Amino acid sequence: MRIAHVLETPRIGVVEAWETQLRLADLCRQGLIGTVIWLLEHEPTYTTGRHGLRSDLVLDDARLAKTGARFVRLDRGGQMTWHGPGQATAYVIGDLRELTRGSVRDFVSALVEATADAAVALGVTDARPDRERHGVYVEERKLGSIGVRVTGGVSLHGLALNRDPDPKWFMPMTACGAPGVPSTSLHAEGGNPDRGQTDAALVHALAARLRLTDEPARLEELLARGLSPEAARPTK
């Protein structure tokens, strides 16, 4: 089985993480690193994808700043969503030719299924994957979201699973362009919201769905593989 480098980092801003993803994707494209599963948590940020609407967030920039959050438009697919404390985020950066024989649809489906698998393992037995809406639901309450971009055959972005975020963050937005769809969390559905256990469940589920063997890694060591000939060793 192929190796997945598993990264775990403290809370980080969305823009900083985005820029780091681009660096990792470039290393992956060059064959200097293998697939990366990056587990992290963001500062409060509303984001939308390439085709999303700023109007799905009802707060203007001045009122948004007062909440301590910000708005960022990203290059992923999908529409308005929120990232922040109490939410597990997993970015999967890998060559789709190896992961899903180049199929973007199969890759997105694998992320949806893995997110649902993790939620069930954490005690939310009613969690179900919705491949068409690219999310995980408990009845009609949204528990997790998937949004990706593929460039040069390599994936960026990934998934978000609500552990125990403050519900206030979801109130001023229309999530994923779907009015009237409430958000929920592992905690609200009686599951285990512990970050360490949530991250572990996501890694296990992603590795199983993508047929990977997970190995711990350090971000600075992966990035260093692009800095010197000695460090630039292809990973298969």
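Our structure's up above, just so we're on the same page.
Residues numbered from 1 in each chain as written. Predicted model: local features only at pLDDT ≥ 70, side-chain atom pairs only at ≥ 80, totals over all residues. Heavy atoms only, no water.

K.L.:
Help me understand helix α5 (residues 195–210), please; the structure alone is not making it clear to me.
P.N.:
Since the α-helix turns once every 3.6 residues, residues separated by three or four places project in the same direction. Helix length check: α5, at 16 residues, gives a terminal C-alpha distance of 22 Å against a target of 22 Å (1.5 Å per residue), a fit within 8%. Of all the positions in α5, only Thr198, Asp199, Ala201, Leu202, Val203, Ala205, Leu206, Ala207 and Leu210 are classed as buried. Backbone geometry just after α5 places arginine 211 at a positive phi near 60°. (Helix = DSSP H or I, 4+ residues; strand = E, 2+ residues; numbered from the N terminus. Expected span 1.5 Å × (residues − 1). Buried < 20%, exposed > 50% of the residue type's maximum accessible area, 1.4 Å probe, protein only.)

K.L.:
Sorry, what's going on with the sheet that holds strand β5 (residues 81–83) here?
P.N.:
Spatial ordering of the open sheet is given by β4-β3-β5, a layout of three strands whose pairing is mixed. Sheet topology places β4 (70–73) and β5 at the edges, where each strand pairs with a single neighbour. Across this sheet, the average inter-strand angle for adjacent strands is 30°, counted without regard to direction. Pairing of strand β3 (residues 45–48) with β4, which is carried by four bridges, proceeds in the parallel orientation. Residue threonine 47 lies in a different strand from β4, and its bridge partner there is valine 72. Most of the contacts of helix α1 (residues 14–29) go to β4, to which it runs at about 25°, and overall it touches β3 and β4. (Pairing = 2+ DSSP bridges. Axes fitted to C-alpha atoms, helices over the stretch in contact; angles between N-to-C directions. Contact = heavy atoms within 4.5 Å.)

K.L.:
Just to check I follow, could you spell out the environment of valine 15 for this structure?
P.N.:
Along the polypeptide, valine 15 turns up in helix α1. Once residues within four sequence positions are removed from consideration, valine 15 is found in contact with Arg70 and Val72.

K.L.:
For this particular structure, what's the right way to read the sheet that holds strand β2 (residues 35–40)?
P.N.:
Either a parallel or an antiparallel arrangement is found when strands of a sheet pair, and the pairing is made through backbone hydrogen bonds. One open sheet accounts for eight strands, arranged β7-β8-β9-β10-β6-β2-β1-β11; its pairing is mixed. The open sheet is flanked by β7 (128–130) and β11 (212–216), the only strands paired with a single partner. Shown here is a sheet whose adjacent strand axes are inclined to one another by a mean of 20°, direction ignored. By the bridge criterion, five bridges tie strand β6 (residues 87–93) to strand β10 (residues 154–162) in an arrangement that is antiparallel. Considered in β10, the bridge of glutamine 87 is made with asparagine 162. Strand contacts of α1: β1 (2–8), β2, β6, β9 (141–151) and β10, with the helix running at about 135° to β10, the strand carrying the most contacts.

K.L.:
Would you take a moment to explain the packing of aromatic side chains for this structure?
P.N.:
When we look at a pair of aromatic rings, we describe it by the centre distance and by the angle of the planes. Summed over the entire model, instances satisfying the criterion amount to three aromatic pairs. For the pair tryptophan 38 and tyrosine 91, a centre-to-centre distance of 6.1 Å together with 70° between the ring planes defines the contact as edge-to-face. Separated by 53 residues along the polypeptide, tryptophan 38 in strand β2 and tyrosine 91 in strand β6 bring together distant segments of the chain. In terms of burial, tryptophan 38 and tyrosine 91 fall into one category: buried. (Phe/Tyr/Trp six-rings, centres within 6.5 Å; stacked < 30°, edge-to-face > 60°.)

K.L.:
I would appreciate a short explanation of the pattern of salt bridges in the present structure.
P.N.:
Where charged atoms from two side chains of opposite charge come close, those side chains can pair. Tallied over the entire structure, the rule returns 19 salt bridges. One salt bridge connects glutamate 41 with arginine 163, and the closest N-O pair in it is separated by 2.9 Å. One end of the pair, glutamate 41, is in the loop between β2 and β3; the other, arginine 163, is in the loop between β10 and α5, and 122 residues separate them in sequence. In this structure glutamate 41 comes out as buried when scored by relative accessible area, which is 5%. Arginine 54 is paired through a salt bridge with aspartate 61; the nearest N and O atoms lie 2.8 Å apart. Each of Glu113, Asp117, Arg131 and Arg209 takes part in one network of salt bridges that share partners. (Salt bridge = Lys/Arg side-chain N within 4 Å of Asp/Glu carboxyl O.)

K.L.:
Just to check I follow, could you spell out the side chain of serine 155 for this structure?
P.N.:
For serine 155, the position within the fold is in strand β10. Only 2.8 Å separates the side chain of serine 155 from the backbone oxygen of valine 92, close enough to count as a polar contact. Ignoring sequence-local partners within four residues, the contact set of serine 155 consists of Val92, Ile93, Gly94, Leu96, Phe107, Arg149 and Val150. (Polar contact = N/O pair within 3.5 Å; in protein donor to acceptor, adjacent residues only side chain to side chain.)

K.L.:
Help me understand helix α4 (residues 104–121), please; the structure alone is not making it clear to me.
P.N.:
Helix length check: α4, at 18 residues, gives a terminal C-alpha distance of 26 Å against a target of 26 Å (1.5 Å per residue), a fit within 8%. By the burial criterion, the buried members of α4 are Phe107, Val108, Ser109, Ala110, Leu111, Val112, Glu113, Ala114, Thr115, Ala116, Ala118 and Ala119. Between the side-chain oxygen of the N-cap and the backbone nitrogen of aspartate 106 there are 3.0 Å, and the N-cap of α4 in question is serine 103.

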